[in-house]
Amino acid sequence: MVEVRAPNPLTAGLAQNLIPQPCTLVIFGGAGDLSARKLLPALYNLSVDGLLPANFATVGFAREEMDDAAFRAHARKGIERFSRRPLDEAHWGQFSRSLFYVPGIFTDAQAYAQLRRRLEKVEAEFGIPGNRVFYLSIPPSLIAACLQQLRAGGFVADPHEGPISRVIVEKPVGRDLASAREINATLAQTFDESQTFRIDHYLGKETVQNILVLRFGNSVLEPLWNAKYVDHVQLTVAEEEGVGVRAGYYEEAGALRDMVQNHILQVLALIAMEPPWSLDAENVRDAKLNLLRCLRPLRGSDVDRQVVRAQYGPGYLHGEEVPGYRREDGVRRDSTTETYVALKLFIDNWRWAGVPFYVRTGKRLPKRVTEAAIQFKPVPEILFNTSRDAPLDPNVLALRIQPDEGFSMRLSSKLPGPKVRIYPVKMDFRYGATFGDSSLEAYERLLLDVMAGDATLFMRRDAVEAAWAWVTGMLEAWEASRSRYLPEYPAGNWGPVEADRLIEADGRTWRTL
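This one's a predicted model, so the numbers in the text were calculated from it and none came from an experiment.

Conventions used here
Residues numbered from 1 in each chain as written. Predicted model: local features only at pLDDT ≥ 70, side-chain atom pairs only at ≥ 80, totals over all residues. Heavy atoms only, no water. Helix = DSSP H or I, 4+ residues; strand = E, 2+ residues; numbered from the N terminus. Buried < 20%, exposed > 50% of the residue type's maximum accessible area, 1.4 Å probe, protein only. Contact = heavy atoms within 4.5 Å. Areas by Shrake-Rupley, 256 points an atom, 1.4 Å probe, with all protein chains shown as cover. Pairing = 2+ DSSP bridges. Salt bridge = Lys/Arg side-chain N within 4 Å of Asp/Glu carboxyl O. 1 Å grid on protein atoms, 1.4 Å probe; cavity = no way out; pocket = protein on both sides within 12 Å on 5 of 7 lines; lining within 4 Å. Points joined across faces, edges and corners; volume = space filled by probe spheres on them. Nonpolar A, V, L, I, M, F, W, Y, C, P; charged D, E, K, R; others polar. Disulfide = S-S within 2.5 Å.

**Details of the overall build of the chain**
Helices and strands together make up the secondary structure of the chain, namely 14 helices and 17 strands. Along the first, second and third principal axes, the C-alpha atoms of the chain reach 75 × 55 × 45 Å. Buried residues in the chain amount to 55% of all 513 residues. Pairs at least 24 apart in sequence give 77% of the contacts found in the chain among residues at least 6 apart. Total accessible area on the chain is roughly 23000 Å²; 52% of this is exposed by carbon and sulfur atoms.

The structure is reproduced here in structure tokens:
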């Protein structure tokens, strides 16, 4: 079929709309946690909003023994608990009829034969012209086997003709540079790069998408967006929860792999990259890649000076006592997996020369919040800023990515009264307060993008490998150190004292969030 070209998502809301193609979404791991918490609620919300194509169906595929009725019950439970919109009985009845399930082992060719027969039946029933999106919501260790079976079973169409075949791969892609290259090579044996969508849900959030609009759609900011005016940048990704049921995964990942290598570097790239010459997906992704290649390597003694890792110890969160990391179920008692990372990095290009970027992320911190803050240099020590004991607060542009997406700008203002007294005020924008109705959640937006064939918000192979290449220096330094214990911070606190020392050594402090 002839694919309709969809407009770029970064222009959505201006003058154009996405055009998702009729298709069947096949969720590998359809009986799992991500499916219940994110994917099925996202599809339900898109259905309620009338954004799914008219000819659309979902097929869950997993080893758990289920039938269609059980899968629909699984979906309903997830929607009732996690959906942006409450479940409406009338709409649920219509939506649930498009949900199907095929049980099977991912390495079993017979299971794929059964999946093929079911897909053909569903496509005939719903008038879907053979377009298929395969969402691999499975552990990285199973990806190669699934791709091999899809290839052997003839599920993948030519990218230039015939029905659409696309694959979505969850982050992290690999656990180091070597494994990422291996997964990417395996993907390339089955799917063309144009058919491959490496998903990082942070890139589907409104504020993240708004970074480029904020930077390049306003004449007042971009002239200041450089080393001449910016003092430093802080990126914080804080989580309240511990490892929970993900201990097995987290023990092998840790905060550096789980957060820094993907979420944080992707947001950093959007904040710091040079303007692309157009909003075409490849141009935006080229600009992000170029920024990643400018990151100054952190190796050997640099890691000791500029990187802090730690684990949460026992403590209190919202008044409740919680265990330390090494006492969590599924965690080794001698684990050296980091649950917290703080680091200082530099971008060696003309725009950012000498500007430090401070990054911190951790679990069991006081609250869930993600923010990128650009702090501008102070005004000269004349006129209103003459007191070295009480200098004026610097201007800060804070981009809130979650929760309560939006951004704010801190400015100095005169307090009312006969005397000249300066007070920092905040100009605050919140999506919810300004636009009322809740906006699309990240997975909703990204699923639509895949159906529309727009890869702008997805990670390209070379960018994934560039990010891993930069992280590798830290991983190698930690492995060489053979540390048996990491610094601890009490659960419910903002990290270890070593992280405070890291930024305070430069005469700066972490922002209070």
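**Some remarks on the side chain of His263**
Here His263 shows up in helix α8 (residues 247-272). By relative accessible area, His263 is classed as buried at 2%. Once residues lying within four places of it in the same chain are set aside, the contact partners of His263 are Lys171, Asp200, His201, Tyr202 and Asp258.

**Notes on the pairing of strand β15 (residues 406-414)**
Where strand β14 (residues 396-402) lies against β15, five bridges are found, and the strand directions are antiparallel. Paired with Leu397 across the bridge in β15 is Met409. In this structure, β15 lies alongside strand β16 (residues 422-430), joined through nine bridges in antiparallel fashion. Each bridged residue has a counterpart across the sheet, and for Gly406 the counterpart in β16 is Arg430.

**Digging into the pattern of salt bridges**
This model, assessed by the stated rule, comprises 34 salt bridges. Residue Glu381 is joined to Arg388 by a salt bridge in which the shortest nitrogen-to-oxygen separation is 3.2 Å. Residue classification places Glu381 among the partly exposed residues on the basis of a relative accessible area of 47%. For Arg388, a relative accessible area of 69% translates into the label exposed. Here the residues in one salt-bridge network are Glu282, Arg285, Asp286, Arg460 and Asp462, joined through shared partners.

**Some details on empty space enclosed by the protein**
Going through the model one piece at a time under the given rule, you end up with three cavities of 30 Å³ or more. Of the volumes computed, that of the largest cavity is approximately 50 Å³. Lining the largest cavity are Tyr202, Leu235, Thr236, Val237, His263, Ile264, Val267, Thr370, Glu371, Ala372 and Ile401. In terms of residue class, the lining of the largest cavity is made up of seven nonpolar, three polar and one charged.

**Points about the state of the cysteines**
Every disulfide links exactly two cysteines, by a covalent bond between their sulfur atoms. According to the stated counting rule, one finds zero disulfides in the structure shown. Cysteine Cys146 remains unbridged, with the sulfur of Cys23 as its closest cysteine sulfur at 19 Å.

Shape descriptors only; they carry no functional weight alone.
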